[in-house]
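Residue-level listing of the chains:
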Amino acid sequence: MAVPGPPNVAARAAERRGYGVPTEQHDRPGRPTTDRDGAGGTKLAERRQRPRWRQRLSTTLDLIRANPTGRVTLKIFIAIAGALVVTIGIALIPLPGPGWLLVIAGLGIWAVEFHWARRLLGFTRRHVHNWTQWVKDRSLAVRFVLGSVGLAFVGSVVWLSLKYSFGIDVVAEALHYLATH
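Residues numbered from 1 in each chain as written. Predicted model: local features only at pLDDT ≥ 70, side-chain atom pairs only at ≥ 80, totals over all residues. Heavy atoms only, no water.

A. Quick look at the overall build of the protein chain. In terms of regular secondary structure, the protein chain is built from seven helices and zero strands. Mapped in sequence order, the helices and strands of the protein chain form the string α-α-α-α-α-α-α. Of all 181 residues assigned to the protein chain, the portion counted as buried reaches 15%. Counting only carbon and sulfur atoms, one obtains 67% of the accessible surface of the protein chain, whose full area is about 13700 Å². (Helix = DSSP H or I, 4+ residues; strand = E, 2+ residues; numbered from the N terminus. Buried < 20%, exposed > 50% of the residue type's maximum accessible area, 1.4 Å probe, protein only. Areas by Shrake-Rupley, 256 points an atom, 1.4 Å probe, with all protein chains shown as cover.)

Here it is as C-alpha cells:
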C-alpha cells in the first residue's frame, strides 16, 4: 500500500509556493485519486532545471546535513552569518546605502536553514512585487509624487542622522553659506 499523499489544500498551497508536490493520492479510503496533470507525479518536472551551481550547493548542503554534527554546525553557522548581515543592514537603514537590501539578504541566508525565514522572505517578495506592480500601473504623475515623497523621506533621514549622530546640521550650514556668500 502506498503512502497517502498530502491533503488537497496543503498540496495547492505548496504548489503556489513553487514546491514539487505529488498530485496523486493512492489508496485513501473515501477519497478519489486526483490526477490533474494527466500522469500524476509532481509538477517539479515541468519546471526548468536549476543552474549547475545551485545543484552543487544543494548537494553540498545535503551532504553536510546528513551528518548530525554537520547539521548542527551548519545551523549555527547560518544563524550567525544571517544575524551578522541583518544587524549590519539594520544599522545601515537610516544611512544612505543598502540597509534594507542587506536585511533581505540576511533573511535569504537564514532561509537556507530556517523555515520561518523562508516564509518571511516569501512574504516580503510577494509584497515588494505587488507594490512594484501597483506603482507601475499608476500614471506618471503619481509615480513622480511617490518618488518625491520617497526622496524627501530619505533626505530627512540622512539629515537627522547627520545632525544627531555627528552633530552636523547640513541645513543650518547651507543657510549660513547662502547668507554669507
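B. Layout of a nonpolar patch on the surface. Taken together, the side chains of Val171, Leu175, Tyr177 and Leu178 make up a nonpolar region of the molecular surface, amounting to roughly 450 Å² of accessible area. Accessibility expressed as a relative area gives 56% for Leu175, which makes it exposed. (Patch = residues over 30% accessible without salt bridge, like charges linked within 9 Å, V, L, I, M, F, W, Y side chains within 5 Å. Salt bridge = Lys/Arg side-chain N within 4 Å of Asp/Glu carboxyl O.)

C. Structural view of the packing of helix H4 (residues 99-111) against helix H5 (residues 115-137). Relative orientation of the contacting elements H4 and H5 amounts to 140 degrees, with a least axis distance of 7 Å. One element, H4, and the other, H5, form an angle in the oblique class. Here the hand of the crossing between H4 and H5 comes out left-handed. Counting all contacts with H4, which are made through Ile104, Leu107, Gly108, Trp110 and Ala111, the residues of H5 involved are Trp116, Ala117, Arg118, Leu120, Leu121 and Thr124. Broken down by class, the residue content of the contact of H4 with H5 amounts to eight nonpolar, two polar and one charged. (Axes fitted to C-alpha atoms, helices over the stretch in contact; angles between N-to-C directions. Parallel < 35°, antiparallel > 145°, perpendicular 65-115°, else oblique. Left-handed = near helix turned anticlockwise from the far one by under 90°. Contact = heavy atoms within 4.5 Å. Nonpolar A, V, L, I, M, F, W, Y, C, P; charged D, E, K, R; others polar.)

D. Layout of the packing of aromatic side chains. What the rule picks out here adds up to three aromatic pairs. Both rings, one in Trp110 and one in Trp116, keep their centres 5.4 Å apart while their planes meet at 55 degrees; by these two values the pair is tilted. What makes Trp116 partly exposed here is its relative accessible area of 44%. Consider the rings of Trp131 and Trp134, whose centres lie 5.3 Å apart with planes at 20 degrees: the pair is stacked. In this pair, Trp131 and Trp134 both sit in helix H5, three residues apart, roughly one turn of the helix. (Phe/Tyr/Trp six-rings, centres within 6.5 Å; stacked < 30°, edge-to-face > 60°.)

E. Structural view of the environment of Leu102. Tracing the backbone shows Leu102 in helix H4. A C-alpha to C-alpha distance of 4.6 Å links Leu102 and Gly89, two positions 13 residues apart in sequence. When near neighbours in sequence (up to four residues on either side) are disregarded, Leu102 contacts Val85, Ile88, Gly89 and Leu92.

F. Spatial organisation of the packing of helix H2 (residues 52-66) against helix H3 (residues 68-92). The geometry of H2 relative to H3 is characterised by a closest axis approach of 5 Å and an angle of 120 degrees between their N-to-C directions. In terms of orientation, H2 lies oblique with respect to H3. Across the interface between the two elements, Leu61, Ile64, Arg65 and Ala66 of H2 pack against Pro68, Gly70, Arg71 and Leu74 of H3. Its residues placed into classes, the contact of H2 with H3 shows five nonpolar, one polar and two charged.

G. Geometry of the nonpolar core. Judged by nonpolar contacts, Leu61, Leu74, Ile78, Val86, Leu107, Trp110, Ala111, Phe114, Ala117 and Leu121 together constitute the single largest core of ten residues. Secondary-structure elements contributing two or more residues to this core are H3, H4 and H5. In this structure Ala111 touches Ala117, Arg118 and Leu121, once residues within four positions along its chain are discounted. (Core = buried A, V, L, I, M, F, W, Y, C linked by side-chain atoms within 4.5 Å.)

H. Up close: the side chain of Glu113. Mapped onto the secondary structure, Glu113 falls in the loop between H4 and H5. When neighbours within four sequence positions are excluded, Glu113 is seen to be in contact with Arg65, Leu74, Lys75, Ile78 and Arg118.

I. A look at H4. Taking 1.5 Å of rise per residue, 13 residues should cover 18 Å, and H4 covers 18 Å from first to last C-alpha, within 8% of that figure. When H4 is considered as a whole, its buried residues turn out to be Gly99, Val103, Gly106, Leu107, Trp110 and Ala111. For H4, the arc enclosing every buried residue in end-on projection is 145 degrees, short of the 170-degree limit, so these residues lie on one face. Tucked inside the fold, the buried residues of H4 contact H3 and H5. (Expected span 1.5 Å × (residues − 1). Arc of directions from axis to C-beta.)

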